[in-house]
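A look at the structure
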Amino acid sequence: MGTYGSGPFDSDTAEDFLDDLEEQPVSQRLAVVERTFRSAIEAGGGSNSPVLPEEVVAAAAVVAANIPAGSSLAWNGEYPSITEWLAKPIAPTLASSAIQALDVALPVDGWFWRSWVDASEREEAQDAIDSLRSVLRPISEGESR
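Quick look at the structure, then. (Residues numbered from 1 in each chain as written. Predicted model: local features only at pLDDT ≥ 70, side-chain atom pairs only at ≥ 80, totals over all residues. Heavy atoms only, no water.)

Turning to helix H1 (residues 12–23), a few remarks are in order. When the terminal C-alpha atoms of H1 are compared, their 16 Å separation across 12 residues agrees well with the 16 Å that a helix rising 1.5 Å per residue should span. The complete set of buried residues in H1 reads Thr13, Ala14, Phe17, Leu18 and Leu21. For H1, the angular spread of buried residues about the axis comes to 130 degrees, placing them on one side. Contacts from the buried residues of H1 go to helix H2 (26–43) and helix H3 (53–65). (Helix = DSSP H or I, 4+ residues; strand = E, 2+ residues; numbered from the N terminus. Expected span 1.5 Å × (residues − 1). Buried < 20%, exposed > 50% of the residue type's maximum accessible area, 1.4 Å probe, protein only. Arc of directions from axis to C-beta. Contact = heavy atoms within 4.5 Å.)

Another point: the side chain of Ser11. Secondary-structure assignment places Ser11 in the segment before H1. Overall, the relative accessible area of 4% leaves Ser11 in the buried class. Only 3.0 Å separates the side chain of Ser11 from the backbone nitrogen of Ala14, close enough to count as a polar contact. (Polar contact = N/O pair within 3.5 Å; in protein donor to acceptor, adjacent residues only side chain to side chain.)

On inspection of all chains with the given rule, the structure shows 1 salt bridge. Notably, a salt bridge pairs Arg133 with Asp103, separated by 2.8 Å at the nearest N-O pair. Taken together, the residues span a long stretch of sequence, with Arg133 in helix H6 (residues 119–140) and Asp103 in helix H4 (residues 92–105) at a distance of 30 residues. On the basis of relative accessibility, which here comes to 13%, the residue Arg133 falls in the buried class. On the accessibility criterion, Asp103 (41% relative accessible area) is partly exposed. (Salt bridge = Lys/Arg side-chain N within 4 Å of Asp/Glu carboxyl O.)

Okay, structure coming up:
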């Protein structure tokens, strides 16, 4: 895997996920995102997970980009139409699944965090994940936006 930055789309794995998602008809994108979250949650953070942490982060970033509060996230510019990839409004259950999948796929002492060689990039990655959670959390708690 090649990682070249700390944003949610800054790895080969995340870009491959997004490219595959972008090729899907709009009607299928939601199913792919939901399946990504469900697979991560069901695997419980184990090494046998069929999805990688970078895929979970990218899927969560797609959901966040489609919430009004997340439409201006800095990394959205890498995929200019990403804010139109999912039907609106985003369901609270989808945002909740995104947060749960992030929690399971990125445990505090997990491989994802230990894999960062540079502490400042790890902090930048943490800030990006925190930004995703801050956009997703109000929706998952049932607030409408």
